[in-house]
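# Geometric and topological summary
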Amino acid sequence: MAFVCCILIQAVAVTANGQLMVTSPTFIQESSSSVEITGDANFGNQGLLNHSPVTDVYVHIGVITNYSTGPANWLHVPAASVWGSTNSAIQCTSVGTNKWKYTITGGLRNFFGLTDPNEKILKIAMLFRSGNGSKKLANTGEGDMYIPVYTNSTQVRIDNPFRKADYNNTPEPVTKNVGDNVSIIANASPSSNLTLFFNGTQVATAAAATQITASPVIAAPGTQTLIAEAVNGATTVRDTINFLVTGAVNVAALPAGVRDGINYETDATTATLVLYAPNKTRVAVLGDFNNWTETIAHQMNRTPDGNRYWLRLTGLTAGMDYGYQYIIDGSLKVADAYTEKVLDPANDQFISSSTYPSLKAYPTGKTTGIVSILQTQKPAFNWTATSYTKPVKTNLVVYELLLRDFVTNHNWQTLRDSLNYLQKLGINAIELMPFNEFEGNNSWGYNTSFYFAPDKYYGTETALKQFIDECHNRGIAVLMDIAMNHSFGQSPMVQMYWDAANNRPAANSPWFNTVAKHPYNVGYDFNHESQATKDLVDRVTEHWLTNYKIDGFRWDLSKGFTQTNSCTTGNCDQGSEVNNWGNYDAGRIALWKRIYDKMQSQATGSYCILEHFAANNEEIELSNYGMLLWGNSNHNFNEATMGWTSTSNFEYGIYKNRGWTVPNLITYQESHDEERLMYKNTQFGNSSAAPAYDVKTLSTGLKRNEMAAAFWAMIPGPKMLWQFGELGYDFSINRCEDGSINNNCRTNPKPIRWDYVQDANRQALYQVYSKLIKLHTSSSYTSTFTSNNITWGLNGGFKWMSINEPSLRVMVLGNFDVTTQIATVTFPVAGTWYSYLTGTTRTATSTAESITLQPGEYYVYTDRNAAGTVLSLPSNTVVAASKDSAGYADGFKINIGPNPVKGATNINYSLLQNGDLYMGLTDISGKNIAVFYSGYKQKGSYTISTSNKIDLKKMPVGMYVLQVQFNGIRRSIKLINSN
């Protein structure tokens with residue numbers, strides 16, 4: 001049973017600055033007749049600081065027993081203590097400003113209802129909260145809090161310096177200097193002969209006492225050792241606390257070539273750690289290499305500007321995983337934000353060994369919180385897809401999936417085994433919902449905690465790379481959904497600069513706004529105009545584009561990348577502020593152009609996809625710059641499939657209809673965020689009595705989804721579909737695991753229905769999707785599916801759409817009404833038209849024709865037998881046009897003149913069709929020298945002078961290579977520099 005946190009520790013403080021919690025008696029036992037626990041909101045996370053009314057404070061409480069499986073397994077939680085309850089039995093008493101007391105009477109076993117004589121209470125787990133549960137008083141860091149429960153044997157405990165209220169009752173950090181006194185208080189039970197030792201020297205004694213104190217002086221830097229000893233007859237017990245006195249911080253410049261995070265060297269026994277931590281006083285490293293104990297040797301150097309700390313670790317074993325953390329200003333422990341692997345004490349236990357074999361054990365009892373990992377001489381991955389070329393950007397068909405809900409084993413190995421299914425479907429890109437390390441295991445992934453580490457719940461780094469490599473071998477791009485609008489509380493960057501009093505990022509945070517600048521924010525809002533955030537984003541994109549060969553990113557909530565404040569009235573998610581957020585924002589555009597440019601410099605042609613939904617003129621500008629943008633057509637397509645035709649015009653999914661000149665709109669019917677078409681068909685579909693026609697019927701609803709897919713797939717520009725949409729997935733997005741429907745269950749796990757492929761009607765829908773996608777992605781017809789020569793009539797029930805492009809003309813007809821419909825339609829040209837999905841033909845006159853369609857009847861017509869070409873080819877086959885008399889091959893022709901070159905030359909080229917063009921110069925080793933053009937280009941003839949990008953007179957004499965890629969077809973042309 002996992003709860004939010006608990007509180008406390010005996011009659012001592014849980015923080016070094018004061019007492020967060022006090023208990024009476026000092027040593028609580030099961031038999032204690034009365035137990036008082038007092039919390040002070042001036043300390044810890046200050047979650048109830050100045051809370052009003054003072055009567056509105058309650059406890060959430062349970063116990064850890066010898067039957068508990070771990071710290072999160074609270075047992076015997078009273079029914080009255082359920083979260084959000086205001087039962088008087090769990091109400092606290094105000095005992096002063098910001099202080100509340102809760103009293104347990106009648107003994108712990110009776111209070112918690114323990115009846116098994118073999119079950120023993122080890123700890124009380126507790127949390128103070130407001131009545132509605134929106135506030136909680138907890139230890140700094142918000143981890144669960146525990147109060148030890150003792151037996152009646154002799155006990156001794158050092159209570160000052162204070163101890164944390166964590167599971168292991170570990171000491172609070174102590175910050176002292178040479179010459180300071182250290183106050184020591186130790187308590188014992190029962191009365192005993194007590195002795196205090198400081199660094200091996202006896203500093204106090206007390207006979208037949210329950211408490212002893214001393215205040216020795218710290219004479220020298222280094223580890224200070226406090227020991228309390230209690231002698232009771234023949235029994236002697238001791239308690240020990242160690243703390244470090246560091247002395248002055250060493251100031252030293254960063255070694256050459258290192259940057260934030262882990263820096264490996266050719267010497268596999270060394271690594272240099274760098275932490276960006278402006279305004280911090282001192283930082284040390286804890287880890288496996290020093291038994292998780294702060295030492296003088298592992299104090300980090302501070303750079304002269306005070307912004308960074310660094311330390312070179314030596315004596316490491318090559319290839320070994322080392323756990324480590326930073327301890328900042330003697331108290332805050334955080335993992336490295338740049339680590340590529342973490343250990344999570346709360347969640348790793350639920351990761352199966354088949355998904356992540358030989359996972360390093362967490363250093364239980366030695367530290368708390370998330371641990372980062374470094375590994376020198378990590379084995380290099382052998383990439384095999386050396387000839388892979390990214391699919392044409394403007395003609396992507398993206399399959400969006402959540403690994404958790406797509407394959408039962410929710411790991412990369414199983415997903416890789418599913419690629420045959422996806423390849424047969426014909427898609428050329430897979431978009432994976434966020435898979436960098438997120439909080440917990442059961443998640444959509446948008447609560448990212450570590451941006452450089454793949455989440456272990458899905459498998460190992462190697463398994464992920466094997467999946468990406470296999471996708472590339474099949475010609476399928478891999479897109480990473482990434483959430484960098486915000487972070488949450490597990491992020492080291494959030495923890496390092498935290499305003500506990502206001503429960504938000506501190507004003508001096510290098511990365512985060514104290515309050516979000518825009519509506520519908522979740523977590524803590526990044527300040528993307530901060531240089532620290534820019535540096536982080538650039539490192540994240542570089543990491544995944546280069547180390548994992550990810551093809552690009554889908555950026556979650558990209559409209560939130562703004563410092564224009566829409567939240568000025570305190571009602572940020574409503575009314576005018578939401579509208580203001582979507583208005584044209586020049587600052588936001590500049591941020592996105594900067595990110596896009598950096599991505600292209602890191603990986604030419606990488607995809608940058610925005611979930612933007614801003615003003616159309618802003619989206620046009622971003623589209624023209626080369627970015628792809630989500631185009632949500634869920635509502636209108638679903639109205640059409642359900643048969644509610646008055647609100648079913650989905651023309652906003654056509655880029656031309658928006659006034660765009662570049663086909664960079666990713667139109668979709670479903671996404672992870674939208675209700676499923678087939679669910680609404682079965683629940684809310686229309687019907688007619690004569691003739692009898694009911695959309696709610698499974699076979700009818702699926703057939704209507706075929707018709708919607710025909711229009712969706714034939715719209716020019718990139719496309720996206722959500723997992724299992726091709727099989728008519730009919731479970732609501734808001735389905736709970738018990739089968740009920742509730743908005744609060746939106747991100748809960750959903751049924752995985754691979755059995756759908758056995759259903760003939762669902763398999764028919766899959767086959768229609770497959771045929772349509774293969775036509776859309778065929779390189780023979782790229783010009784058609786990036787064309788703006790499109791007209792349509794999408795109002796009402798009878799809908800039509802026409803693409804009049806010479807490479808392939810397309811006409812789509814469909815009746816989305818539930819009754820027979822007649823409409824007048826004109827085909828672009830006269831002659832024979834081929835029904836792409838049925839194999840039949842019709843003769844068109846190129847004049848107005850009256851056509852009758854029954855409910856759900858639809859056709860995809862082409863002016864040549866495209867099915868005979870496209871459907872006879874293996875999936876993802878590249879079809880190159882043969883060279884014609886004008887000299888075109890593969891849709892373009894090119895020459896360089898003069899060549900050899902003296903000073904400068906012209907690149908003359910002509911494009912037979914619209915498409916994606918890359919043109920750049922490399923040396924003979926493949927090193928990039930200059931990029932002449934990268935982006936979408938209209939058909940036509942062009943000339944580029946090399947002098948616009950590079951001065952060849954300054955380049956060494958010799959051979960260079962002009963690299964040209966157009967719509968996925970690549971050519972290399974020699975260029976001789978003879979200066």
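Right above here is the structure, for reference.
Description of the structure in this document. (Residues numbered from 1 in each chain as written. Predicted model: local features only at pLDDT ≥ 70, side-chain atom pairs only at ≥ 80, totals over all residues. Heavy atoms only, no water.)

## A closer look at the overall build of the chain
Looking only at helices and strands, one finds 15 helices and 51 strands in the chain. Computed over the C-alpha atoms, the radius of gyration of the chain is 33 Å, within 12% of the 30 Å expected from 2.2 N^0.38 for a compact globule of 979 residues. When each of the 979 residues of the chain is scored for burial, the buried share is 57%. Partitioning the intrachain contacts of the chain with sequence separation of at least 6 by distance along the chain shows that 69% fall at a separation of at least 24. For the chain, the accessible area works out to roughly 37,100 Å², and carbon and sulfur atoms hold 48% of it. Put simply, the chain has 74 plus and 77 minus side-chain charges, and the middle of one group is 5 Å from the middle of the other. (Helix = DSSP H or I, 4+ residues; strand = E, 2+ residues; numbered from the N terminus. Rg over C-alpha atoms; globule rule 2.2 N^0.38 Å. Buried < 20%, exposed > 50% of the residue type's maximum accessible area, 1.4 Å probe, protein only. Contact = heavy atoms within 4.5 Å. Areas by Shrake-Rupley, 256 points an atom, 1.4 Å probe, with all protein chains shown as cover. Lys, Arg positive; Asp, Glu negative; His and termini not counted. Charge placed at Lys NZ, Arg CZ, Asp CG, Glu CD.)

## Considering the pairing of strand β30 (residues 552-555)
The alternating pattern of β30 places G552 and R554 and F553 and W555 on opposite faces, both of which are buried. Relative to strand β31 (residues 607-610), β30 runs parallel, the two sharing 4 bridges. If you follow G552 over to β31, its bridge partner there is Y607. (Pairing = 2+ DSSP bridges.)

## What to know about the side chain of S732
Its location among the elements puts S732 in the loop between β36 (719-722) and α14 (760-777). One polar contact links the side chain of S732 to the main-chain amide nitrogen of N734, over a distance of 3.0 Å. In contact with S732, other than residues within four places in its own chain, are E675, Y679, I741 and K750. (Polar contact = N/O pair within 3.5 Å; in protein donor to acceptor, adjacent residues only side chain to side chain.)

## Observations regarding empty space enclosed by the protein
Taken as a whole, this structure holds 4 cavities of 30 Å³ or more when the rule is applied. Roughly 120 Å³ of internal volume is contained in the largest cavity. Taken together, 15 residues form the lining of the largest cavity, with D405, R676, W722, Q723 and K750 sitting closest to its centre. Residue composition of the lining of the largest cavity, grouped by class: 8 nonpolar, 2 polar and 5 charged. The calculated volume of the second largest cavity comes to roughly 70 Å³. In terms of lining, the second largest cavity is formed by D260, V274, L275, Y276, A335, D336, A337, Y338, P492, M493, M496 and W511. A breakdown of the residues in the lining of the second largest cavity according to their chemical character gives 10 nonpolar, no polar and 2 charged. (1 Å grid on protein atoms, 1.4 Å probe; cavity = no way out; pocket = protein on both sides within 12 Å on 5 of 7 lines; lining within 4 Å. Points joined across faces, edges and corners; volume = space filled by probe spheres on them. Nonpolar A, V, L, I, M, F, W, Y, C, P; charged D, E, K, R; others polar.)

## Concerning the state of the cysteines
All told, the structure shown has 2 disulfides when counted by the stated rule. One disulfide bridge connects C736 with C745, the sulfur atoms lying 2.1 Å from each other. Its S-S torsion of approximately 90 degrees makes the covalent link between C736 and C745 right-handed. Comparing C736 with C745, the two get one shared label, buried. Along the chain, the cysteines that take part in disulfide bonds pair up as 1-2, 3-4, counted in sequence order. (Disulfide = S-S within 2.5 Å.)

## Re the sheet that holds strand β5 (residues 99-105)
Sheet architecture is open: 4 strands sit in the order β1-β2-β5-β4, paired in antiparallel fashion. Since the sheet does not close on itself, it has two edges, and those belong to β1 (21-24) and β4 (93-94), each with one partner.

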